[in-house]
Amino acid sequence: MKYILDHTNKPYAKLFEDISAIPRGSFKEERIADFVCDFAKNLGLDYTRDEMNNVVVRKGATPGYEDHETVMLQGHMDMIWNKRPGSTFDFENEGIKLKVENGYLMAEETTCGSDDGVAVAYMLAVLQDDTLKHPALECVFTTAEEPGLYGVQHFDCSQLKARKYINMDGNLEGTSLLVATGAANANISRTFTRVPSDGLAELTVDVHGLTGAHIQFMERQLANAIKIVARVLYYISRELECRVVSIDGGSVTTIPVQCTAKLALRSEDIARAREIAERVVGEVKHEHKESDPGIMLVLSDEEKAAPSIPADVSDSIIKLLHMMPSGLVDTSLVFPGLPISSYSLETITTTEDKLNIFYRPQSALTTKLFDMVEQTKELVALYGADYAEDNKFFGHCVDAHTPLYDVYDEVWFEQNGEHIRPIGAHYGNEIGFFMSNMPWLDMILLVATHYAAHTPDEKLDLASFDRCYKALVEILARL
């Protein structure tokens, strides 16, 4: 393969490029797990692999560190597969096409996998470098983190001996994540039997061009393309007889940037439906002129509509989508501006006989999370849909200035002239799982800065990539 980064004294840079050549989407981690296991095998290191392709690679302590406490390094192997509209990139069979622009590592047309390829590259680099000084290491490579921490839910923590834990799944250097949210992932569905749309025309409502972001950034109060389309359909349906043909859009863990709906209605009502759609989207554009200046509406129509969802079911689907909360609920009084609770409406798809919604109530407060789930169940039931909990995970809350934290702070200050900043974040990661199963762990988060995760604009700060690895190596030497 053709490398583009400077690998001089930077084994982690080469390894990042190596893993970028391997497709590693969520639930499709077999090939990257093979790579990690072969890597360990070639180094003569002990490793285990479970049925979810989670991998643990163990490396013994270097001389003089035999009596020091074992350290766990941990990150996830999967990445979000997201590409620009119109791109023909094949995530299943192509490696990510990396590029460097203005000091950032990016990808052509797609996400670049910095989340969480940085962690994977760092761990592999530490494992292969026999010049480093460190206690015994347990490098834990997990799977299916992005859709909702599915891989780690099957992980057996009893195999670990670690007392200290360095997680590497975040987005801002010089910070340590003390507070994170939990979530209850839900699949909401409504089944139906389609009916002929004889004599009806079809109107396509496409909303795109939204800013979008990882769902952690609820404080930005970004527009949601699914909610915009639902609002358009609601006001069309209040005035005109119509039936839903399909609604599709969104991307998991991302505030949706695109959604398309098709409606069956009388041809003489098309013009009025267009007017309503344009009015509603105009209202949303005004409401989100600061956060989403690029909102676009495209309308098109066909003389003959495809078979549609019955009128009563269409009406209940539209009302449910219009009523479902999406976005910020409340913020922290300790970390100003930090979202504590939110609802995330992420994807909607329509098949021949079912409409499916992926929905995620989130809160750092477990009791509030439970109540949000109950409210969601009641709302869904009111409109005749089914609620199925897909997965649930809890956040974490740990103290600053633990022994490990202080080592991190000391090293970071020496190398960069700044103290570590304790932060909270509105996303769930695997820290909560390991802390709940291994409550004795002394934990820090160490990660290189990257931006626009989960979007085609994702970019990794290469200078930060270097700084954080240098800090990691020195921290291990002092433990």
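Structure first, text after, so check above.
Residues numbered from 1 in each chain as written. Predicted model: local features only at pLDDT ≥ 70, side-chain atom pairs only at ≥ 80, totals over all residues. Heavy atoms only, no water.

(A) View of the environment of Ile32. As for its position among the elements, Ile32 is in helix H2 (residues 30-43). In this structure Ile32 comes out as buried when scored by relative accessible area, which is 0%. Linking Ile32 and Ala121, residues 89 residues apart in sequence, is a C-alpha distance of 12 Å. Dropping the residues within four chain positions of it, Ile32 is found in contact with Ile19, Ile22, Arg24 and Met77. (Helix = DSSP H or I, 4+ residues; strand = E, 2+ residues; numbered from the N terminus. Buried < 20%, exposed > 50% of the residue type's maximum accessible area, 1.4 Å probe, protein only. Contact = heavy atoms within 4.5 Å.)

(B) Up close: the nonpolar core. One finds Leu73, Tyr122, Phe141, Ile166, Phe465, Leu472 and Ile475 to be the most contacted residues of the largest nonpolar core, which totals 63 residues. Counting 55 residues, the second largest nonpolar core, distinct from the first, contains Ala186, Ile270, Ile295 and Ile309. (Core = buried A, V, L, I, M, F, W, Y, C linked by side-chain atoms within 4.5 Å.)

(C) Just the pairing of strand S16 (residues 354-363), in detail. Judged by how many residues are buried, S16 sits mostly within the fold: eight of ten residues are covered. Pairing geometry for strand S9 (residues 182-191) and S16, over eight bridges, is antiparallel. Opposite Ile188, over in S16, you have Ile357 as the bridge partner. Two elements, strand S15 (residues 339-350) and S16, share nine bridges in a ladder whose sense is antiparallel. The residue of S16 that forms the bridge with Ser344 is Arg360. Hairpin geometry of S15 and S16 is characterised by an intervening segment of three residues between the two adjacent antiparallel strands. (Pairing = 2+ DSSP bridges.)

(D) Representation of the pattern of salt bridges within the structure. Within the structure shown, the criterion is met by 30 salt bridges. A salt bridge links Lys99 to Glu108, with the nearest nitrogen and oxygen atoms 4.0 Å apart. The closest approach of N and O atoms between Glu283 and Arg231, which form a salt bridge, is 3.4 Å. One end of the pair, Glu283, is in helix H5 (residues 270-287); the other, Arg231, is in helix H4 (residues 225-239), and 52 residues separate them in sequence. Among the charged side chains, a salt-bridge network with shared partners connects Arg231, Arg279, Glu283 and Glu287. (Salt bridge = Lys/Arg side-chain N within 4 Å of Asp/Glu carboxyl O.)

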